Amino acid sequence: MAMQADEITGFIKSALPDAEVIIKDLAGDGDHYAAHVTSEAFRGLPRVRQHQMVYAALQGRMGGVLHALALTTATPE
Amino acid sequence: MTDTATRIKAEIDSSPVTVFMKGTAVFPQCGFSARVVQILSHLNVPFKSVNVLEDAEIREGIKAYSNWPTIPQVYVNGEFVGGCDIVSEMFQEGELQKLMEDQGVTAKV
């Protein structure tokens, strides 16, 4: 099982409509991605909370079908 | 609190810095766990490692405990700091060293 990059983007955007999502496929196996997510919803929140919001958007796939997602988050300038 | 959560809390409380990881500090069995061990060793932060591969209950229970879906997980003085991504990012920004010093968990050289 694996996920496609646009699937990941879709899940994140449905939970964070304003999010800008940049995804890199690290291994070409659909299992190891790097994602940079920028959203106003992160403003003022600690990194752990920001990442938890992204994992929640992925509805339980993180650590399951999606083995590795190197995640960084940011708020718009 | 479930039995597993109680056991997890006891592990967290038993050391200033606790790392739930795959493998051991000497033989990490996952790149992300190895990276966290490397960073903590570089910062001269002694830590207790809990090998989740040897305890399926803790391996799953820790994810619910912290509402964090992956391993490794780093705790400092009982507080969840993050997984490999956050620990690496904080390290690169110099925030992790400051946190460890502020929390008084850096070994005196």
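None of these values were measured; they are calculated from a predicted model. (Residues numbered from 1 in each chain as written. Chains lettered and ligands numbered in written order. Predicted model: local features only at pLDDT ≥ 70, side-chain atom pairs only at ≥ 80, totals over all residues. Heavy atoms only, no water.)

A. Just the interface of chain B and chain A, in detail. Across the boundary between the two partners, chain B contributes 16 residues, which contact 13 residues of chain A. Summed over both sides, the interface between chain B and chain A buries roughly 1200 Å², with carbon and sulfur atoms accounting for 57% of that surface. Our enumeration of links across chain B and chain A arrives at two salt bridges. Residues Arg47 of chain A and Glu95 of chain B are paired through a salt bridge, measuring 2.8 Å at the closest nitrogen-oxygen approach. Linking chain B with chain A are five residue pairs in polar contact (both at pLDDT 80 or more). Among the secondary structure elements, those contributing two or more residues to the side of chain B that touches chain A are strand E4 (79-82) and helix H4 (84-93) of chain B. (Contact = heavy atoms within 4.5 Å. Buried area = accessible area lost by both parts, 1.4 Å probe. Salt bridge = Lys/Arg side-chain N within 4 Å of Asp/Glu carboxyl O. Polar contact = N/O pair within 3.5 Å; in protein donor to acceptor, adjacent residues only side chain to side chain. Helix = DSSP H or I, 4+ residues; strand = E, 2+ residues; numbered from the N terminus.)

B. Spatial organisation of the pattern of salt bridges. Inspection of every chain in the model, using the stated rule, returns nine salt bridges over all chains. Residue Arg43 of chain A pairs with Glu40 of chain A through a salt bridge whose shortest N-O separation is 2.5 Å. Overall, Arg43 of chain A belongs to the partly exposed group, its relative accessible area being 44%. For Glu40 of chain A, a relative accessible area of 40% corresponds to the partly exposed category. The salt bridge partner of Arg7 of chain B is Glu57 of chain B, with a shortest N-O separation of 2.8 Å. One end of the pair, Arg7 of chain B, is in helix H1 (residues 3-13); the other, Glu57 of chain B, is in helix H3 (residues 56-66), and 50 residues separate them in sequence. Using a relative accessible area of 31% as the deciding quantity, one classes Arg7 of chain B as partly exposed. Here the salt bridges share partners, and the residues they tie into one network are Arg47 of chain A together with Glu89 and Glu95 of chain B. (Buried < 20%, exposed > 50% of the residue type's maximum accessible area, 1.4 Å probe, protein only.)

C. Geometry of the pairing of strand E1 (residues 17-21) of chain B. All names here are of chain B. E1 sits mainly inside the fold: five of its five residues count as buried. Alternating residues of E1 divide into Val17, Val19 and Met21 and Thr18 and Phe20, and every residue in both groups is buried. Pairing analysis gives four bridges linking E1 to strand E3 (residues 73-76), with the strands arranged antiparallel. Note that in E3 the partner of Phe20 across the bridge is Gln73. Of the strand pairs in this sheet, E1 and strand E2 (residues 48-51) are connected by four bridges, and their pairing is parallel. Bridge pairing in E2 places Val19 opposite Ser49. Crossover connection from E1 via helix H2 (residues 31-42) to parallel E2: handedness right-handed. (Pairing = 2+ DSSP bridges. Right-handed = clockwise from strand over helix to strand, strands pointing away.)

D. Highlighting the packing of aromatic side chains. For the coordinates displayed, the defined rule picks out five aromatic pairs over all chains. Between Tyr55 of chain A and Trp68 of chain B, the ring centres sit 4.9 Å apart and the planes meet at 80°, which makes this aromatic pair edge-to-face. Of this pair, Tyr55 of chain A sits in helix H2 (residues 47-57) while Trp68 of chain B sits in the loop between H3 and E3, each in a different chain. Judged by relative accessible area, which is 2%, Trp68 of chain B ranks as buried. The rings of Tyr55 of chain A together with Phe20, Tyr65, Trp68, Tyr75 and Phe80 of chain B are connected pair by pair, giving a single aromatic cluster. (Phe/Tyr/Trp six-rings, centres within 6.5 Å; stacked < 30°, edge-to-face > 60°.)

E. Fine view of the sheet that holds strand E3 (residues 68-74) of chain A. All names here are of chain A. With respect to topology, three strands assemble into an open sheet ordered E1-E2-E3, the strand pairing being mixed. Each end of this open sheet is capped by a strand with a single partner; those strands are strand E1 (20-25) and E3. Direction aside, neighbouring strands of the sheet carry axes that sit 15° apart on average. Pairing of strand E2 (residues 32-38) with E3 involves seven bridges; the strand directions are parallel. Residue pairing across strands places His36 opposite Thr72, the latter belonging to E3. The sheet strands contacting helix H1 (residues 5-15) are E1 and E2, and the helix crosses E1 at an angle near 155°. (Axes fitted to C-alpha atoms, helices over the stretch in contact; angles between N-to-C directions.)

Purely geometric numbers; function is a separate question.
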